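So you can see what is in the structure, the chains are spelled out below.
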Amino acid sequence: MNRRSHPTATRADQARIAVRVCVAILSLAFATSVAAQDRADAVEDSSPLRWGADQEGGAPFLFGDPADITRMTGFEVDLAAELQREIGRPVEFRQAQWDLLPSMLLAGKIDLVMNGYERTPDRLAVMDSSLPYYVYALQLLVNDQGPIDSWERLKQGQADGSPWRLGVLTGSAAEDYLRDFQRQGGAITYASYDGVTDAMREVETGKLDATLQDTPVASFYSRDFPRLRPVGDPVAPGHYVIYVRRGEETLLRAINRAIVSLHRDGTLRRICERYGIWTDEQGSLAAIIDQAEFFGVVASNASAERVDQAAGQAASQPAGPPTESSAGIPDAAKLLGYAQLLGGAALLTISLAVVSFPLAVAIGVLVAVGRLYGTPWLRRPLGWYVEFLRGTPLMLQLYFIFYLLPEVGINIPAIPTAILGLAINYSAYESEIYRAGLQAVPRGQWEAALSLGMSRAQTLRRIVLPQAFKVVIPPMVNDFIALFKDTSVCSVVTIVELTKRFSILSRSNVADLVILMGFTALLYLAMSYPMSVLARRIERRLEGEARP
Amino acid sequence: MICVRDLHKSHGGQEVLRGIDLDVREGEVAAIIGPSGGGKSTFLRCLNGLEPFHRGQVTIGDAVLGPGIDERRDRRLLQQVRRQVGFVFQQFNLFPHLSVLENCIEAPMRVDGRSEGEATELAMSLLKRVGLDGFAKASPKNLSGGQQQRVAIARALCMRPACILLDEPTSALDPVMADEVLRVIADLADGKQTMIVVTHAMGLARRVHGRVHLFAEGRSIEQGSPEELFGNPQHPITRNFLEALHKESKS
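Quick caveat: nothing in here was measured; it's all calculated off a predicted structure.

Peer 1: Describe the overall build of chain B, listing the residues and the values that go with them.
Peer 2: The helix and strand inventory of chain B stands at nine helices and ten strands. Based on the C-alpha atoms only, the size of chain B along its principal axes is roughly 55 × 45 × 30 Å. Here chain B, with 251 residues, has 47% of them falling under the buried criterion. Sequence-distant contacts, at least 24 apart, represent 62% of the contacts inside chain B between residues at least 6 apart.

This is the structure:
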């Protein structure tokens, strides 16, 4: 699967400086929800191991069980269960966007990454790797109606001299491979896709000529994409490994011991066979495992490297397409499962919006009041606050809270992060709305209240704000609907809300794409339509009041 | 009761008030008349601190306002002044989101700390006095201009002010509505309520028991009893102004 570079030490240092500025404010406001980060790994620990992985397009590694879509299954799910048994610590799954898993690990949000992550030098520079548990290679897949029958043909380009169009997973080893292939004269162009299955679908529809996929992915999805044909032998083999944070030798040793044991007693093979991804070259793992045991079950990168070298790298033929096809109209049980999963995600979506919006309004009102009536030393920073938050994307702000604040010891869990991020981001917009609303209240209202002896605070609270509130209701309802839809951005901090759930389901249940999409759209509509109706009713009422 | 000495104010480099002296005794009504732009309204707004001034002194009861008053810094002093001095605006400035009664009880409850029952009782008696006790539950938006101004007067009275400042209270009203309001003001004057009224309504100025002041060019150029000022004006500006008014009322 893909490869991704991580924040290096220097980048982290730069970030730390920026982080400190905001930390004080944030820590004051949310001290209660902040959990101190303890990175020390206790030796006789029985605390849960948080395993980070991405279910989105996750087959065969982890995905919804076709028999019961609400249950998670997959090669790595089973492997995690075995690890739990071997290590003696509960392994808890944490959903995260695939390319953000290393960030999650470094931020201390998870304890291990096991999700088809290859052993690559740039990852080893920031994380420690376990022994390999799988040997993968890259398989070229073409449309079975298409003319490509070999890598040689791919290299030559189309008959009319134009290049082949390929699709590949963003940032993946396959992408690197295609880049090199192109550089060495291969007549191809390629587009990068975020989802594993996206490129495969495009090849099936004929928009693309071919795609390059990891062998387990290619063989697993062959039943969902019957019109894809593998061409040539798999190329560029490599190893999937488990990554842990640097220096967690005890944990790494335990994981390695577990892998050795699972390999020795045939469990690893049984799991692979269960998902139809056992291949002959998995046998090459045996040599690595032997070496590892010879070295006393390695726990550091350096010795693991020696193990790799000693074992050599091998890969040849992928497994044939496994199991029967599951395409067709989904049965009632599956539909119910979809409804359950999407409905649950919709609930989370609405909860996020309902909790964060009042916070956003409260902060926004305070900011607006401070900017309009505060002292100059208060006005200026509040102006910066608004400009900064409006000028940077919500996704970046969420990323900052979730992945960078842990660097300074502030570790906020995902849901509070989402609520905090949405509330702070939208507070900037709400403050501007309220600023306009407050300014729309005539000066005479202030003078009348002050002349009665009311204080400025009383005047603001009792006379001006209630009048401003009426003015801002329509734009506020609009913002609420916008925030409601922006909850989808929260998937960046591992929250599986409605859009993310749809994305996950649709990529592992390609045949049901239309049903899933319709269902998801209906759920969004069912939630946002009442709000639109409410907004219109309020607007009508206010209009009626304006013309007595 | 009210004692103003040498009041100066400039605005945007222009002198709006150029040294005004004025005294109002308890139970007396002072009417301020004069051409537009003469500084009448500005003067009135200086008295309860809605506008700062640059020189001089305003003494109201036991409170003394000096130059450069600041809404935030001098809030205690200003509140002390404003609790003694009611203000009635040309544009009424009722609180549109509150009912008539709520307009009247807001300040007594929040500022004087009266109970709701107490404040309501007082407000109802004063609404009755301005003839609007039947409109207690109404929204200000549904009242005529004259009714709104009468509510505004009742609202000011609810704070039991020693003095009420009225800034052109009938200028935004047609003659019929203006008359309703003038009757209320005359009634208050009869009840020995101390007032300063900036007005164009000469009828009102004639009926007051105190003095009439003519403001022009930021000065109080002439003052006297209504009989003196209207019957035998001394200053040429006064004569011109009264003549113009007279012509206007005839045409």
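Peer 1: Tell me about the nonpolar core, residues and numbers included.
Peer 2: In globular proteins that are soluble, nonpolar side chains generally tend to be buried together. Membership of the largest hydrophobic core comes to 140 residues, with the highest contact counts inside it found for B:Ala154, B:Cys158 and B:Val197. Here this core takes 15 residues from helix α13 (residues 332–373) of chain A, the largest share from any one element. Among residues more than four places away in sequence, those in contact with B:Val197 are B:Val29, B:Ala31, B:Ile32, B:Leu166, B:Ile185 and B:Leu204. In this structure, A:Leu100, A:Tyr136, A:Val168 and A:Ala199 belong to the second largest nonpolar core, which totals 81 residues.

Peer 1: Pulling in residues and values, what's your account of the packing of helix α9 (residues 249–264) of chain A against helix α11 (residues 285–294) of chain A?
Peer 2: All names here are of chain A. Direction vectors running N to C along α9 and α11 enclose 130°, while the axes themselves pass 10 Å from each other. Between α9 and α11, the crossing angle belongs to the class labelled oblique. Our pair here, α9 against α11, has a crossing hand that is left-handed. Along its contact with α9, which presents Asn256, Val260 and His263, the element α11 presents Leu285, Ile289, Ala292 and Glu293. Across the contact of α9 with α11, the residue classes break down as four nonpolar, two polar and one charged.

Peer 1: Would you mind going over the sheet that holds strand β6 (residues 85–88) of chain B in detail, with residue names and values included?
Peer 2: All names here are of chain B. Across the sheet, six strands lie side by side as β6-β7-β8-β3-β9-β10; this open sheet has mixed pairing. The outermost strands of the open sheet, each flanked by one partner alone, are β6 and β10 (219–224). Across the sheet, the axes of successive neighbouring strands diverge by a mean angle of 20°, strand direction being ignored. Where strand β7 (residues 163–167) meets strand β8 (residues 194–198), five bridges bridge the pair, whose relative direction is parallel. From the neighbouring strand, aspartate 167 faces β8, where its bridge partner is valine 198.

Peer 1: Which residues make up the interface of chain B and chain A, and what values go with them?
Peer 2: Counting from both sides, the interface comprises 21 residues of chain B and, opposite them, 17 residues of chain A. Considering every element that reaches the side of chain B that touches chain A, the biggest residue donor is helix α2 (residues 75–84) of chain B, with four residues. Looking at the side of chain B that touches chain A, its residues break down into eight nonpolar, six polar and seven charged.

Peer 1: Describe the environment of A:Ile288, naming the residues involved and giving the relevant values.
Peer 2: Residue and element names in this part refer to chain A. Looking at where isoleucine 288 falls in the secondary structure, it is placed in helix α11. For isoleucine 288, a count of 25 C-beta atoms within 10 Å translates into the label buried. Residues isoleucine 288 and proline 132, 156 residues apart in the sequence, show an inter-C-alpha distance of 8.2 Å.

Peer 1: Could you give an account of the environment of A:His263, naming the residues involved and the relevant values?
Peer 2: Residues and elements named next belong to chain A. Structurally, histidine 263 can be placed in helix α9. Residue histidine 263 is classed as buried on the basis of its 22 C-beta neighbours within 10 Å. Considered as a pair, histidine 263 and glycine 383 are 120 residues apart in the sequence and their alpha carbons are 60 Å apart. Setting aside residues up to four positions removed in sequence, histidine 263 forms contacts with Leu268, Leu285 and Ile289.

Peer 1: Hey, could you go over the pairing of β7(B) for me, with residue numbers and the actual values?
Peer 2: Residue and element names in this part refer to chain B. For β7, a buried count of five out of five residues is recorded, marking the element as mostly surrounded by other parts of the structure. Residues Cys163, Leu165 and Asp167 point to one face of β7 and Ile164 and Leu166 to the other, with burial holding for every one of them. Assessed by its sense of winding, the connection that carries the chain from β7 through helix α6 (residues 175–190) to β8 is right-handed.

Peer 1: Which residues make up the sheet that holds strand β8 (residues 164–169) of chain A, and what are the values?
Peer 2: All names here are of chain A. As summarised here, the arrangement of the five strands in space is β9-β8-β10-β7-β11, forming an open sheet in which the pairing is mixed. Each edge of the open sheet is held by one strand with a lone partner, namely β9 (188–193) and β11 (228–240). Neighbour-to-neighbour, the strand axes of this sheet turn through a mean angle of 25°, independent of strand direction. Helix-sheet contacts for helix α6 (residues 173–183) involve β7 (134–143), β8, β9, β10 (210–214) and β11, and the interaxial angle to β8 is about 150°.

The rules behind these values
Residues numbered from 1 in each chain as written. Chains lettered and ligands numbered in written order. Predicted model: local features only at pLDDT ≥ 70, side-chain atom pairs only at ≥ 80, totals over all residues. Helix = DSSP H or I, 4+ residues; strand = E, 2+ residues; numbered from the N terminus. Buried ≥ 20, exposed ≤ 12 C-beta atoms within 10 Å, placed from the backbone. Contact = placed C-beta atoms within 7 Å. Core = buried A, V, L, I, M, F, W, Y, C linked by C-beta atoms within 7 Å. Axes fitted to C-alpha atoms, helices over the stretch in contact; angles between N-to-C directions. Parallel < 35°, antiparallel > 145°, perpendicular 65-115°, else oblique. Left-handed = near helix turned anticlockwise from the far one by under 90°. Nonpolar A, V, L, I, M, F, W, Y, C, P; charged D, E, K, R; others polar. Pairing = 2+ DSSP bridges. Right-handed = clockwise from strand over helix to strand, strands pointing away.

Such coordinate-based values are descriptive only and should not be taken to indicate function.
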